[in-house]
Amino acid sequence: MNSFIPKLSQALRHGLLSLGLALFMLGAAQLAQAQVVGQVTHLSGVLTARHADGTRAVLAVKSAIQQGDSLITERETYARVKFVDDAEIVLRPGTEVAVSKYVYDEKKPQNDSVAIGLVKGGLRAVTGLVGKRNHDAVNFDTPTATIGIRGTHFGALYCQNDCGGIPTPNGQPLNNGLHVDVATGAILVSNAGGSAIFSAGQFGFVPGPTQPPVILPQGQGFSVTMPQAISSNGNNGTQKIGAAKLDACVTQ
């Protein structure tokens, strides 16, 4: 009986040690997955992040953005995010964007990889260091097409019976599909129906995933606009993330 107790204690200690090691490794793996890749710099309204593990958090100015986050803006909410390579996106109300992958390797550009998904709503995006030095490393996925960048400032809006209240140049409601406009640089829009390059000053439309992108005349194109308070460079978000400085603003 007495000889059994030390053996039991030793087994218990070994089990606890193994359990502790397993929990430590799990925590380390989760920490590695929760890589900070950006920061909220401007916000008006409610912005929610759905993390890769399914948990949710309400964000504020200076909140961190993690790789794998889905960012969701509520009604009347505009949000601006700056990433570690100085890229920026500004989100319209009723928008969901998935930061699926964001890898910026300052010393090894060949390791760069950025994949952002526009699930619904609209955004404006400005190329960061990754897009400037490695165009093919950056992609914006949408339900109807993939947008590749060419040193770019562009807008994208995906409509699915939810754009009726957005003002348009001709007063007509926007058609369902993907609307794009380019302020500087160029974008390559591709899907199963074909591909097209849109340059500065041009507008495009993609009705569906199997219909090719088309260039629209100036009078028919739609430009994704943002409030001056969100798109201007004047406040908040001055701490550093990784190698990039968040106060080095590049939005036009």
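Residues numbered from 1 in each chain as written. Predicted model: local features only at pLDDT ≥ 70, side-chain atom pairs only at ≥ 80, totals over all residues. Heavy atoms only, no water.

Student: Is there a simple way to think about the overall build of the protein chain in this case?
Tutor: When you go through the protein chain residue by residue, the secondary structure sums to three helices and 19 strands. The buried share of the protein chain, taken over its 252 residues, is 43%. Taken as a whole, the protein chain presents about 12,800 Å² of accessible surface, with 55% of it coming from carbon and sulfur. (Helix = DSSP H or I, 4+ residues; strand = E, 2+ residues; numbered from the N terminus. Buried < 20%, exposed > 50% of the residue type's maximum accessible area, 1.4 Å probe, protein only. Areas by Shrake-Rupley, 256 points an atom, 1.4 Å probe, with all protein chains shown as cover.)

Student: I'm lost on the pairing of strand E11 (residues 146–149) in this one. Help?
Tutor: Regular strands place their side chains on alternate faces of the sheet. Looking at chain direction, strand E10 (residues 138–141) and E11 are connected through three bridges and run antiparallel. The residue bridging Asn139 from the neighbouring strand is Gly148, located in E11. In sequence, E10 turns back onto E11 through a hairpin of four residues. In terms of strand pairing, E11 meets strand E14 (residues 186–191) through four bridges, oriented antiparallel. Within E14, the position partnered with Ile149 by the bridge is Ile187. (Pairing = 2+ DSSP bridges.)

Student: What am I meant to see in the pattern of salt bridges here?
Tutor: Evaluation of the coordinates by the stated rule reveals four salt bridges. Residues Arg133 and Asp112 are paired through a salt bridge, measuring 2.8 Å at the closest nitrogen-oxygen approach. One end of the pair, Arg133, is in helix H2 (residues 129–133); the other, Asp112, is in the loop between strand E8 (96–103) and strand E9 (113–126), and 21 residues separate them in sequence. For Arg124, the salt bridge identified is with Asp181, shortest N-O distance 3.0 Å. Taken as a pair, Arg124 in strand E9 and Asp181 in strand E13 (residues 177–184) lie far apart in primary sequence, 57 residues in all. The burial state of Arg124 is the same as that of Asp181; both residues are buried. (Salt bridge = Lys/Arg side-chain N within 4 Å of Asp/Glu carboxyl O.)

Student: In this structure, what is going on with the state of the cysteines? I would like to understand it.
Tutor: Working definition: the covalent bond between the sulfur atoms of two cysteines is a disulfide. Evaluated as defined, the whole model comprises one disulfide. A sulfur-sulfur distance of 2.1 Å marks the disulfide that ties Cys159 to Cys163. One quick way to see it: the torsion about the S-S bond of Cys159 and Cys163 is about -100°, and its sign makes the bridge left-handed. By relative accessible area, which is 5% here, Cys163 ends up buried. (Disulfide = S-S within 2.5 Å.)

Student: Just to check I follow, could you spell out unusual backbone geometry for this structure?
Tutor: For residues besides glycine, phi is generally negative; the peptide bonds are generally trans as well. One non-glycine residue, Lys62, adopts positive backbone phi at about 80°. Looking at the element boundaries, Lys62 is found in the loop between strand E3 (56–59) and strand E4 (64–66). Phi is positive for Asn161, which is not a glycine, with a value near 60°. Position of Asn161 relative to the elements: it lies in the loop between strand E12 (153–159) and E13. Since its relative accessible area comes to 68%, Asn161 is described here as exposed.

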